[in-house]
Amino acid sequence: MQMHTNSGKRVGTCPVSIAAVPATALGLLGDGARLPDWGPGVAYGRVVPNASGSEFPFALPFPDDTDHAALDVQITKGEAELETVQALCEAR
């Protein structure tokens, strides 16, 4: 998914629902030593409660002139990283 912001940057978003409490997701995402386990890309996100689990809306900012094909490649990588976050959190 893509959205435009007032900052002149294009932002790709990839939300994921995780069947684990927010503390578990925050524990994984907030542990810098675990970053190689799920994805080295620079991104913005926060974990919020979602019923008995968590929601992690994930945003990747790009310059406005970023090629659409390059944006799609990065979004696909982000989605794969989120699937890893989901699997790691739900395995706990």
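Residues numbered from 1 in each chain as written. Predicted model: local features only at pLDDT ≥ 70, side-chain atom pairs only at ≥ 80, totals over all residues. Heavy atoms only, no water.

Grouped together as the largest cluster of nonpolar side chains are 18 residues, with contacts concentrated most on I18, F56, F58, V85 and C89. If you list the elements that add at least two residues to this core, you get strand 3 (16-18), helix 1 (22-29), strand 7 (58-63) and helix 3 (68-90). Examining the composition of this core, we find that five residues originate from one element, helix 3, more than from any other. (Core = buried A, V, L, I, M, F, W, Y, C linked by side-chain atoms within 4.5 Å. Buried < 20%, exposed > 50% of the residue type's maximum accessible area, 1.4 Å probe, protein only. Helix = DSSP H or I, 4+ residues; strand = E, 2+ residues; numbered from the N terminus.)

Here we come to the sheet that holds strand 6 (residues 53-56). If you walk across this open sheet you meet the three strands as 3-6-5, and the pairing is antiparallel. Edge positions in the open sheet fall to strand 3 and strand 5 (48-50), since each of these has one partner strand only. When strand polarity is set aside, the average angle formed by the axes of neighbouring strands in this sheet is 35°. Here strand 5 runs beside strand 6; their pairing, made up of three bridges, is antiparallel. Considered in strand 6, the bridge of P49 is made with S54. Across the face of the sheet, helix 1 comes into contact with strand 3, strand 5 and strand 6 while running at roughly 45° to strand 6. (Pairing = 2+ DSSP bridges. Axes fitted to C-alpha atoms, helices over the stretch in contact; angles between N-to-C directions. Contact = heavy atoms within 4.5 Å.)

A few words on the side chain of S54. By secondary structure assignment, the location of S54 is in strand 6. Of the residues examined, S54 reaches a relative accessible area of 1% and is grouped as buried. Ignoring sequence-local partners within four residues, the contact set of S54 consists of V16, S17, I18, A20, V21, P22, A25, V47 and V48.

Time to look at unusual backbone geometry. Its identity as a non-glycine residue notwithstanding, A51 has a phi of 55°, on the positive side. Summarising the element assignment, A51 is placed in the loop between strand 5 and strand 6.

If you walk through the whole model with that rule in mind, you get one salt bridge. Where R34 meets D37, a salt bridge forms, and the shortest distance between an N and an O atom there is 2.4 Å. (Salt bridge = Lys/Arg side-chain N within 4 Å of Asp/Glu carboxyl O.)

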